[in-house]
Structures are given as C-alpha cells and as structure tokens.
Amino acid sequence: TSRLEYRFGDNGVVQLLDPSAETDNSNLCTVPSIDDFAKDHNRLVRVVSDGAMRSFCFQRLQLLSSSFKMHITANGAVESQ
C-alpha cells in the first residue's frame, strides 16, 4: 500500500503527494484558480437559495428517510447477522 503525504505548495495551497510516484511533480489533485472557485461558489449559493430547489430537496430527503426506515424495519434482522 502506498502512503500519501501532504505539503504546502508555493501558492499556500495544500498538495496531496504520492511519494512512490517516479516524478517529483506527483500532486494527486489539481486546485482550481481563485476565479474558478469564486464562480463555482456563487453558482452553489444561487442553487441553494432557490426556494423551489430547497422544497424539492427537502421532500426528496423525507422520501429517502422513510424508505431507509422501511428497509431497516424489513431487513434489520438479516443485516445484523
């Protein structure tokens, strides 16, 4: 198994590194620019603030919660074995 390491890059953002990689530039994830991050954040804020979306998500979570409770009631004994 490979052990991962982290360090702060030149721009102050943490880099996730794989020391077993053969290249020195073994950063496992790319970090978006601040402009891309701000654009994505603003889009998420708009989606979360939409009343219809919040209502839909709340109803969907209620349905999933009910389904899960029904599953536990019907199959709880089988899954605990």
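Preceding this paragraph is the structure being described.
Conventions adopted
Counting from 1, residues in each chain are numbered in the order their sequence is written. The predicted origin of the model limits local features to residues at a pLDDT of at least 70 and limits the giving and counting of side-chain atom pairs to 80 or more, whereas totals for whole chains, interfaces and linings rest on all residues. Excluding hydrogens and water, the side-chain values take into account all heavy atoms of the structure. Each helix corresponds to a stretch of at least 4 residues labelled H or I by DSSP, and each strand to a stretch of at least 2 residues labelled E; elements are numbered beginning at the N terminus. Classification of residues uses two cut-offs on accessible area relative to the type maximum, computed with a 1.4 Å probe and protein chains only: under 20% is buried, over 50% is exposed, and between them is partly exposed. In this analysis, two residues are considered to be in contact whenever any of their non-hydrogen atoms come within 4.5 Å of each other. Surface exposure here means Shrake-Rupley accessible area, sampled with a 1.4 Å probe, where a residue is shielded only by the protein chains that are shown. Here, a strand pair is defined by DSSP locating no fewer than two bridges between the strands.

Participant: Looking at this structure, I do not really get the overall build of the chain. What am I missing?
Facilitator: Per the secondary structure count, the chain includes 2 helices and 2 strands. Over its C-alpha atoms, taken along the principal directions, the chain stretches across nearly 55 × 45 × 15 Å. Considering the chain as a whole, with its 81 residues, one finds that 6% of them fall into the buried category. Contacts in the chain between residues at least 24 apart in sequence constitute 3% of all its contacts with a sequence separation of at least 6. Per element, the accessible surface of the chain, about 7500 Å² overall, is 57% carbon and sulfur.

Participant: I'm lost on the pairing of strand β2 (residues 14–17) in this one. Help?
Facilitator: Two faces, one strand: in a regular strand the side chains alternate between the faces of the sheet. The two faces of β2 differ: Gln15 and Leu17 on one face are buried, but Val14 and Leu16 on the other face are not. The pairing of strand β1 (residues 5–8) with β2 spans 4 bridges and is classified as antiparallel. Across the sheet, the residue bridging to Glu5 is Leu17, located in β2. Linkage of β1 to β2, two consecutive antiparallel strands, is achieved through a turn of 5 residues, within which Gly12 is found at a positive phi near 85°.

Participant: How should the environment of Asn27 be read in this particular structure?
Facilitator: For Asn27, the position within the fold is in the loop between β2 and α1 (34–49). Note: C-alpha distance between Asn27 and Leu4 (23 residues apart in sequence) is 10 Å. In this view, Asn27 contacts Gln15, Leu16 and Leu17; residues no more than four positions away in its chain are not counted.

Participant: Any chance you could explain the environment of Glu5 here in plain terms?
Facilitator: Along the polypeptide, Glu5 turns up in strand β1. On the basis of relative accessibility, which here comes to 44%, the residue Glu5 falls in the partly exposed class. Leave out the neighbours within four places in its chain, and Glu5 touches Gln15, Leu16, Leu17 and Pro19.

Participant: Would you take a moment to explain the environment of His71 for this structure?
Facilitator: On the secondary structure map, His71 appears in helix α2 (residues 51–79). Residue classification places His71 among the partly exposed positions, given a relative accessible area of 29%. Along the sequence, His71 and Ser55 sit 16 residues apart, while their C-alpha atoms lie 24 Å from each other. If near-sequence neighbours (up to four positions away) are discounted, His71 is found in contact with Gly76 and Glu79.

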